[in-house]
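Residue-level listing of the chains:
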Amino acid sequence: MTMINEFFTYPFLQRALAASVMVGILCPFVGNFVVLRRMSFFSDAISHSAFAGIAVGAVLGIDLSISSVAVAVVIALFIAFLSEKTGLSHDTVIGIAFSGAIASGMLIMGMLKGYRADLFTFLFGDILAITGNDLLMILAVSILAIVILVIFLKPFLQITFNSDLARVEGINVRLFEYLLFLIIAVVITISLKIIGMILVTSLLIVPAASAKNLASSMKRLFILSSLFGVVSGVTGLIASVYLDTSSGPTIVLVSIGIFFLTMLVKRTAA
Amino acid sequence: MEALRVENLCVKVNGRHLLENISFSVEEGRIVAILGPNGAGKTTLIKAILGLTYYETGSVSLFGRLFKHNNSQTRVGYVPQKLEFDRTFPLTVSELLSFTIPPFYTIPLPATHQNKPDIGSLLEVVGARDLMNRRIGSLSGGELQRVMMAKAIVNDPRILFLDEPASGVDIEGQERFHDLVKRLNRERGLTVILISHDLNIVYRFADDVLCLNRRLVCTGKPEETLTDDVIKSVYGEMMGAYIHSCHDHD
């Protein structure tokens, strides 16, 4: 009980709790599209591409969150453009962009003098180090992303179901594809500080995959995925404080535990 | 009125012609079957008409207007041959149909869209009302086909494109489906462009036939057009038409 009280006493824990709730709702909401469209490799590529953005920001002396978002968005749109214009498979295009971004990031990092702890925050994340400004940015992006996805849920789902049919029905498939790629890129990069580059894709995919095990409709899919995201985030955060473990990995392990539970429920129900 | 006019349509991929100089027109309210062997370009033709495949030269007009989807005033319905989708997609039939109904944004608006089609009644038309809350991944071939038909007509299209809609469905299902198409054609004046391999279906349901083998081989009424020679020129020398005249059997 004392430990729970601490969450309502210490500002850094309050911010961490708020961040885990917001990201717990946002990431799986977007993650449903990642799972349904089989874009896990794309998400991974974007999170690693943000690495190049961080390196650029560090060298140019600009806010690392802004530079990582900017580069991730450019890479995401580049992948969308290249997939459309060439006959190459998504995997190939993503692999090319991914490798280029990582290599560029490493090259640029090599130009930096001394040890930069702030850069490594992005690698592994640190939800306990979230500032008030970070929280405001997460809140703003969360509201914007969810509002756009909810308003345009129909065309996004139409395209996810079958893009040819969507095109015939008058949907501007290209516009919505680019918009979805952009949203995924922004959501991934703003979540980096919380969960880190290495694990951020898990926050998108695992709660969404858990929800997919149990959902009997799209409405339930979106509700369940965000519910699992929030439960993972809050439980993982509390557990990490109590057990004195790293928050990001603890959150991911909790969400994986929930995934296996849903698989068990699904099997039992079948 | 002309529902569809195609002029000098050419589709080329890697230097090879998939379709060469295709020109034809379809009158409103007709059921037209497109016939041809595998690789003849039937699906390519429909996809080119619908703007899903790039065409080198030519033009497509629907109801007198050049057709470009996304800004077209003409409502078009389409049932593809092989629907590729993730069977684990937790999407119900009613959700699938509701997503097809404009507007394509979701903001609560004051009573301006009360003319939205009723999904239950729509499914009743295609004989699939009982499938309303079923997941689309759990549907059989015939059930999915009826649902896709409902999706194709949800926005009251003027013209319908059906790409081998009865493939993978049993004979009874095929009969039911083609009867449905005929009924929609009769009741709504819907123009139908249908790809079929089945000459029996073509004779029984189509008003006109187009024979295709990368080029247009023939057009006209099935009973006048589908002679033995025409079948041979479309499908090859090994094929032919045996026309059985209907008479009582002892």
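For the structure, see preceding data.
Quick caveat, the model's predicted, so the values are computed rather than measured.

Draft legend 1. How the structure looks around the overall build of chain B. Looking only at helices and strands, one finds eight helices and 10 strands in chain B. Looking at chain B as a whole, 48% of its 250 residues are labelled buried. Across chain B, the fraction of contacts at a sequence separation of at least 24, relative to all contacts at a separation of at least 6, is 67%. Carbon and sulfur atoms make up 47% of the accessible area of chain B, which amounts to about 12,500 Å² in all.

Draft legend 2. Highlighting the sheet that holds strand E6 (residues 76–79) of chain B. Residue and element names in this part refer to chain B. Taken together, six strands build an open sheet; the order of strands is E6-E7-E8-E3-E9-E10 and the sheet is mixed. Pairing within the sheet leaves two strands with one partner each, and these edge strands are E6 and strand E10 (215–220). Neighbour to neighbour, the strand axes of the sheet diverge by 15° on average, direction disregarded. The pairing of strand E3 (residues 31–35) with strand E8 (residues 191–195) spans four bridges and is classified as parallel.

Draft legend 3. Examining the environment of Gln81 of chain B more closely. Residues and elements named next belong to chain B. The residue Gln81 is located in the loop between E6 and helix H2 (93–100) in this model. Expressed as a C-alpha distance, the spacing of Gln81 and Asp163, which sit 82 residues apart in the sequence, is 4.7 Å. Leave out the neighbours within four places in its chain, and Gln81 touches Thr43, Asp163, Glu164 and Ser167. Here the side chain of Gln81 touches Glu164 through a polar contact of 3.2 Å, side chain to side chain.

Draft legend 4. Inspection of the sheet that holds strand E1 (residues 2–13) of chain B at higher detail. Residue and element names in this part refer to chain B. The strand order across the open sheet built from four strands is E2-E1-E4-E5, with neighbouring strands paired in antiparallel fashion. Looking at the sheet topology across the chains shown, the edges are occupied by strand E2 (16–27) and strand E5 (65–66). The sheet contact formed by strand E4 (residues 57–62) and E5 spans two bridges and is antiparallel. By the bridge assignment, Ser61 is partnered in E5 with Leu66.

Draft legend 5. The arrangement of the pattern of salt bridges in detail. Within this structure, the stated rule accounts for 17 salt bridges over all chains. Because the salt bridges share partners, they merge into one network encompassing Arg38 and Lys212 of chain A together with Asp86 of chain B.

Draft legend 6. Up close: a nonpolar patch on the surface. A contiguous nonpolar patch, built from Val59, Leu60, Ile62 and Met111 of chain A and spanning about 390 Å² of accessible area, is present on the exposed surface. Tracing the chain through its elements places Val59 of chain A in helix H3 (residues 40–60).

Draft legend 7. Seen up close, the packing of aromatic side chains. Here the structure, examined in full by the defined rule, presents 11 aromatic pairs over all chains. Their ring planes at 45° and their centres at 4.8 Å tell us that Phe29 of chain A and Phe222 of chain A sit as a pair that is tilted. With Phe29 of chain A in helix H2 (residues 11–36) and Phe222 of chain A in helix H12 (residues 218–243), this residue pair connects regions lying 193 residues apart in the sequence. When sorted by exposure, Phe29 of chain A lands in the same class as Phe222 of chain A, which is buried. Members of the aromatic cluster, joined through ring pairs, are Phe29, Phe33, Phe152, Phe156, Phe176 and Phe222 of chain A. Lying across the ring of Phe63 of chain B, Arg158 of chain B places its NZ or CZ 3.8 Å from the centre.

So, how was this worked out
- Residues numbered from 1 in each chain as written.
- Chains lettered and ligands numbered in written order.
- Predicted model: local features only at pLDDT ≥ 70, side-chain atom pairs only at ≥ 80, totals over all residues.
- Heavy atoms only, no water.
- Helix = DSSP H or I, 4+ residues; strand = E, 2+ residues; numbered from the N terminus.
- Buried < 20%, exposed > 50% of the residue type's maximum accessible area, 1.4 Å probe, protein only.
- Contact = heavy atoms within 4.5 Å.
- Areas by Shrake-Rupley, 256 points an atom, 1.4 Å probe, with all protein chains shown as cover.
- Pairing = 2+ DSSP bridges.
- Axes fitted to C-alpha atoms, helices over the stretch in contact; angles between N-to-C directions.
- Polar contact = N/O pair within 3.5 Å; in protein donor to acceptor, adjacent residues only side chain to side chain.
- Salt bridge = Lys/Arg side-chain N within 4 Å of Asp/Glu carboxyl O.
- Patch = residues over 30% accessible without salt bridge, like charges linked within 9 Å, V, L, I, M, F, W, Y side chains within 5 Å.
- Phe/Tyr/Trp six-rings, centres within 6.5 Å; stacked < 30°, edge-to-face > 60°.
- Lys NZ or Arg CZ within 6 Å of the ring centre and 35° of its normal.

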